[in-house]
Amino acid sequence: MSATLTTPKTTSGGEIIRELVNASDGAGLHLADQGNISLVNSAAAEFGTADFSIEFVLNQTGDNTTDNYIFYSHVSGNSRIRFYNDISANTVVLKFTNSGGTNTNYSLVYDMAADYSTPTHYVLAADRSGLATLYKNGNNVATVDISGSSSVDIGASNTSAANIGSQTNGSGVLGTFYRFRTWNKALTSAEVQTAYERADVDFADQYGSQTSK
């Protein structure tokens, strides 16, 4: 099945970079092992050293063999991030790779397995000089200090594609995506709550002509 990806044309601060709008059966995008969406590299997705947020509505159906990888800012190379459900440690991991290829993992102590078989709204809001916060259905469920990687320039000299899901055997996220959006700011708790409350509304209908979001 296919899904539609859009890049809204807007100059408003903190706006969405990309959104998974819909799927051909109207019921989300179903990913099995190695199923993924490859996103052509875009300057908008190169977060640099700035704050960012990742928002998605996902119904995971179970553990893969290794881990459930949800998002790669770049599928290969240096100066990138990866975000995944660590099924053995029962945590959610944000992995930074610096320009020299050194990896640093930050674990958010939350077990996503508790949400399997339930469509769930998540937001990872990353304050590069402070905390990364994981929200579930509008509520703060875990935080971790990521300031140690504040100098990692995400996307610098890296033009490889981004991925929603993984193309690697045993590491793909299993389940259905209903929404995926990235933001070039760390969403506040109030903004996360608003996003959660409106998660079932098509993005095009959410804010109309407003440009302040």
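These figures come from a predicted structure and were not determined experimentally.

(A) Seen up close, the sheet that holds strand β13 (residues 162–165). Ordered in space as β4-β13-β6-β7-β8-β9, the six strands form an open sheet in which the pairing is antiparallel. Of all strands in the sheet, those bounded by a partner on one side alone are β4 (36–39) and β9 (103–108). Taken pair by pair, the neighbouring strands of this sheet meet at an average axis angle of 20 degrees, ignoring direction. Sheet topology places strand β8 (residues 91–97) next to β9; six bridges connect them, and they run antiparallel. By the bridge assignment for β9, K95 is matched with N105.

(B) Inspection of the pattern of salt bridges at higher detail. Summed over all chains, the structure comprises three salt bridges. For the salt bridge of E55 with R181, the shortest nitrogen-to-oxygen distance reads 2.6 Å. With E55 in strand β5 (residues 52–60) and R181 in strand β14 (residues 175–183), this residue pair connects regions lying 126 residues apart in the sequence. Like E55, the residue R181 is buried in the burial classification. Notably, a salt bridge pairs D115 with K136, separated by 2.8 Å at the nearest N-O pair. One end of the pair, D115, is in the loop between β9 and β10 (120–126); the other, K136, is in strand β11 (residues 131–136), with 21 residues separating them in the sequence.

(C) Spotlight on the environment of V109. Locating V109 in the fold gives a position in the loop between β9 and β10. When the C-alpha atoms of V109 and T143 are compared, they prove to be 7.6 Å apart, with 34 residues separating the residues in sequence. Not counting residues up to four positions away in its chain, the partners in contact with V109 are T91, V141 and A142.

Conventions used here
- Residues numbered from 1 in each chain as written.
- Predicted model: local features only at pLDDT ≥ 70, side-chain atom pairs only at ≥ 80, totals over all residues.
- Heavy atoms only, no water.
- Pairing = 2+ DSSP bridges.
- Helix = DSSP H or I, 4+ residues; strand = E, 2+ residues; numbered from the N terminus.
- Axes fitted to C-alpha atoms, helices over the stretch in contact; angles between N-to-C directions.
- Salt bridge = Lys/Arg side-chain N within 4 Å of Asp/Glu carboxyl O.
- Buried < 20%, exposed > 50% of the residue type's maximum accessible area, 1.4 Å probe, protein only.
- Contact = heavy atoms within 4.5 Å.

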